[in-house]
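# Observations on the three-dimensional arrangement
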Amino acid sequence: MKTPASSAQRFVRADVQAMASYHVPDATGLIKLDAMENPYGLPEQVRHELSQALSALALNRYPQPAYAPLKEALKAAFDIPAASQVIVGNGSDELISMLIIATAPGVVISAWPSFVMYDMSARFAGSRFVGVPLKAQDFSLDVEAMLAAIAEHQPAVVFLAYPNNPTGNCFDEAAMLSILQAAPGLVVIDEAYQPFAQSTWMNRLAEFPNLVVMRTVSKLGLAGVRLGYMAGAAPWIEQFEKVRPPYNVNVLSEAAVRLVLKHKAALDAQAEQLRHDREALQKALLALPGVNPFASRANFILARVPDSARIFAAMRERGVLIKDVSKMHPMLANCLRITIGSPSENQAMLAALSASL
Ligand code: PMP
């Protein structure tokens, strides 16, 4: 007898059947500090302009697939070198997937622990993922181990998240340079948290034939829009364009980003506020007994606590959702990742945390 379950079991890849889907916890009624979202909405005036611009769109038409005006707006707003080409994705998640598909079945290397989708996307595409452990004491790059893995595996793609998620640090420039020089294939510097690090490789694209810089508007305040972009030399980007689904960025997102970028100063001011509040939060966390926050260049702080699972659950009971990353890697044992929220959210988080210790 043919049932949905038996057919799915017969035809879906065994490795996919063995996987769990990306878990997004329900945040209803909770203070949401689990996903590095910007806590601030758009200014009233921008929301008004947005409603007018979006209602005027022809939703019966597909997007213009080349996205030329959007790419020009991104280039101007984010100081992308004129000589570089840009590709857009439905979030940088999709860009990660596209560049791995284009190089599959190659080896994908990342310093590890890092963003989980590097591993997941490699597995989906039939590529091999190799995570090279960071140094446990400060989450810095283990350059010797990275260079040895590059020599051994000849990776098609090396990911370096800058700053890294979930550790929050930026890797050392000299260490990254030696990886860029040693890597035979592509090196993707993932600058998802660039608004909070204010340190970039974007202006150095011309120096390295194998460098692409990937970013997203998610952390800047437009996570719901789903727009990622990646800049690099034409011979790389042209290949990735071939595996990009033709209309991957929808007309609403395209128009929203173009309009909001005209008001980018408002988002920059929010990022500045978050950077400022991050330093205060760092000090407040350090003052709590048993809480050891790591320095952060992103809009979140990783902190080691006495018993992460218990404290995470107790904080949720008190109405605050953060992320328990302790099971992601042994190096992250008893670590919680806390997104920087608004000042009142941060206060509520600190109160919930200290009551849960
Ligand atoms: N890169 C890194 C390092 C991230 O932490 C994230 C989101 N958690 C992403 C990429 C994906 O961002 P998005 O798909 O929202 O653009």
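Values in this document were obtained by computation on a predicted structure and should not be read as measured data.

Rules and cut-offs
- Residues numbered from 1 in each chain as written.
- Predicted model: local features only at pLDDT ≥ 70, side-chain atom pairs only at ≥ 80, totals over all residues.
- Heavy atoms only, no water.
- Near = heavy atom within 4 Å.
- Polar contact = N/O pair within 3.5 Å; in protein donor to acceptor, adjacent residues only side chain to side chain.
- Areas by Shrake-Rupley, 256 points an atom, 1.4 Å probe, with all protein chains shown as cover.
- Helix = DSSP H or I, 4+ residues; strand = E, 2+ residues; numbered from the N terminus.
- Phe/Tyr/Trp six-rings, centres within 6.5 Å; stacked < 30°, edge-to-face > 60°.
- Buried < 20%, exposed > 50% of the residue type's maximum accessible area, 1.4 Å probe, protein only.
- Lys NZ or Arg CZ within 6 Å of the ring centre and 35° of its normal.
- Axes fitted to C-alpha atoms, helices over the stretch in contact; angles between N-to-C directions.
- Parallel < 35°, antiparallel > 145°, perpendicular 65-115°, else oblique.
- Left-handed = near helix turned anticlockwise from the far one by under 90°.
- Contact = heavy atoms within 4.5 Å.
- Nonpolar A, V, L, I, M, F, W, Y, C, P; charged D, E, K, R; others polar.
- Pairing = 2+ DSSP bridges.
- Domains from an automatic or database assignment.
- Buried area = accessible area lost by both parts, 1.4 Å probe.
- Salt bridge = Lys/Arg side-chain N within 4 Å of Asp/Glu carboxyl O.

Moving on, we come to the site of the ligand. Surveying the vicinity of the ligand reveals 13 residues, the closest of which are S92, D190, Y193, T216 and S218. T216 has a polar side-chain atom sitting 2.6 Å from an oxygen atom of the ligand. Against a free-state accessible area of 410 Å², the protein chains account for coverage of 93% of the ligand. Breaking the shell around the ligand down by element, the ones donating at least two residues are α5 (92-103) and α10 (218-222).

With that out of the way, let us pick up the packing of aromatic side chains. Scanning all chains against the criterion turns up ten aromatic pairs. Arranged with centres 4.8 Å apart and planes meeting at 65 degrees, the rings of W112 and F129 form a pair that is edge-to-face. Placement of W112 in strand β3 (residues 107-112) and of F129 in strand β4 (residues 128-133) is noted, with a sequence separation of 17 residues between them. Per residue, the accessibility class of W112 equals that of F129, and both read buried. Seen in terms of ring centroids, Y162 and W201 are 6.4 Å apart; in terms of plane orientation they differ by 80 degrees. Their pairing is edge-to-face. Separated by 39 residues along the polypeptide, Y162 in the loop between β5 (157-161) and α8 (173-182) and W201 in the loop between α9 (194-197) and β7 (211-216) bring together distant segments of the chain. Across the pair, W201 and Y162 agree in class, each one buried. Ring-pair connections join several aromatic residues into one group, and the members of that group are F115, Y118 and F159. Across from the ring centre of F300, 5.9 Å away, lies the NZ or CZ of R337, which sits over that ring.

In the contact formed by helix α4 (residues 68-77) and helix α12 (residues 251-261), the axes pass within 10 Å of each other and the chain directions differ by 30 degrees. Comparing their axes, α12 and α4 come out roughly parallel. For the crossing formed where α4 meets α12, the hand is left-handed. Residues P69, L70, A73, L74 and A77 of α4 touch α12, and the partners they reach there are E254, V257, R258 and L261. A per-class count over the contact of α4 with α12 returns seven nonpolar, no polar and two charged.

This part is about the pairing of β5. Across the five residues of β5, five count as buried, placing the element largely inside the fold. The alternating pattern of β5 places V157, F159 and A161 and V158 and L160 on opposite faces, both of which are buried. Looking at chain direction, β3 and β5 are connected through three bridges and run parallel. Along β5, the bridge assignment pairs V108 with V157.

Bringing the domain arrangement of the protein into the picture now. The domain architecture assigned to the protein consists of domain 1 (12-43 + 265-356) and domain 2 (59-263). Between domain 1 and domain 2, the C-alpha centre-to-centre distance is 23 Å. With 33 residues of domain 1 at the contact, the number on the domain 2 side is 34 residues. In total, about 2700 Å² of surface goes out of reach between domain 1 and domain 2, with carbon and sulfur atoms giving 66% of it. For the domain 1 face of the interface with domain 2, the top three residues by lost area are L267, R297 and M331, together amounting to 26%. At the boundary of domain 1 with domain 2, the tally comes to zero salt bridges. At the surface where domain 1 touches domain 2, the tally comes to eleven residue pairs in polar contact (both at pLDDT 80 or more). Mapped by element, the contributors of at least two residues to the side of domain 1 that touches domain 2 are α13 (264-286) and β10 (300-304).

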